[in-house]
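Per-entry structural report
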Amino acid sequence: MTISGRAAGMKIIVILRNIYKNQSFFEEEEYLCESDRNVLAEAVALRETYGGSVTALLFAEDVPYNEQTLIRAYTYGVDQAWLICMDHYDFTDTAQFSK
């Protein structure tokens, strides 16, 4: 399928979790937990099958690990990775984060 002469593809956005305070989520990899790695791999597989792009978003506090997390996302094949930094935000309060 084409749109205006260009190949159409999906724009896939993957939201990575800010879980640095809970190291029990990390198994063999330091910056991405298993569920984030699985989602990145599936998103890249969808892009390879249907075309398009994969963007990783990391909503996080300003901590030293943010850049390394985004670099690891690039190793999974994402096209773009963005950090959205929010200081003094309680990421453990899911009710607040969903508003």
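Before reading on, note that the structure itself is shown above.
A few points on the structure. (Residues numbered from 1 in each chain as written. Predicted model: local features only at pLDDT ≥ 70, side-chain atom pairs only at ≥ 80, totals over all residues. Heavy atoms only, no water.)

This brings us to helix α2 (residues 66–75). Each α-helix winds once per 3.6 residues, and so residues spaced three or four apart point in a common direction. Residues N66, T69, L70 and A73 constitute the buried set of α2. Angularly, the buried residues of α2 cover 95° about the axis, an arc narrow enough to put them on a single face. Turning to α2, the residues buried within the fold contact β3 (10–16), α1 (34–50), β4 (52–60) and β5 (80–85). (Buried < 20%, exposed > 50% of the residue type's maximum accessible area, 1.4 Å probe, protein only. Helix = DSSP H or I, 4+ residues; strand = E, 2+ residues; numbered from the N terminus. Arc of directions from axis to C-beta. Contact = heavy atoms within 4.5 Å.)

A few words now on α1. Relative to the 24 Å expected for 17 residues at 1.5 Å per residue, α1 spans 24 Å between its end C-alpha atoms, a close match to the ideal helical length. Where α1 is concerned, the buried positions are D36, R37, L40, A43, V44 and R47. Viewed end-on, α1 has its buried residues packed into an arc of 130°, placing them on one side of the element. Seen from the open side of α1, the exposed residues pointing more than 90 degrees away from its buried face are E42, T49 and Y50. Tucked into the core, α1 has its buried residues touching β3, β4 and α2. Of the residues trailing α1, G51 is marked for its positive phi of about 85°. (Expected span 1.5 Å × (residues − 1).)

Membership of the largest hydrophobic core comes to 15 residues, with the highest contact counts inside it found for V14, L16, L40, V54, A56, A73 and V78. Of all elements in the fold, only β3, α1, β4 and α2 reach the threshold of two or more residues within this core. Sort the elements by how many residues they give to this core and β4 lands first, with 4 residues. L16 has contacts with L32, D36, L40, A56, L57, L58, F59, T69 and A73, leaving out every residue within four places of it along the chain. (Core = buried A, V, L, I, M, F, W, Y, C linked by side-chain atoms within 4.5 Å.)

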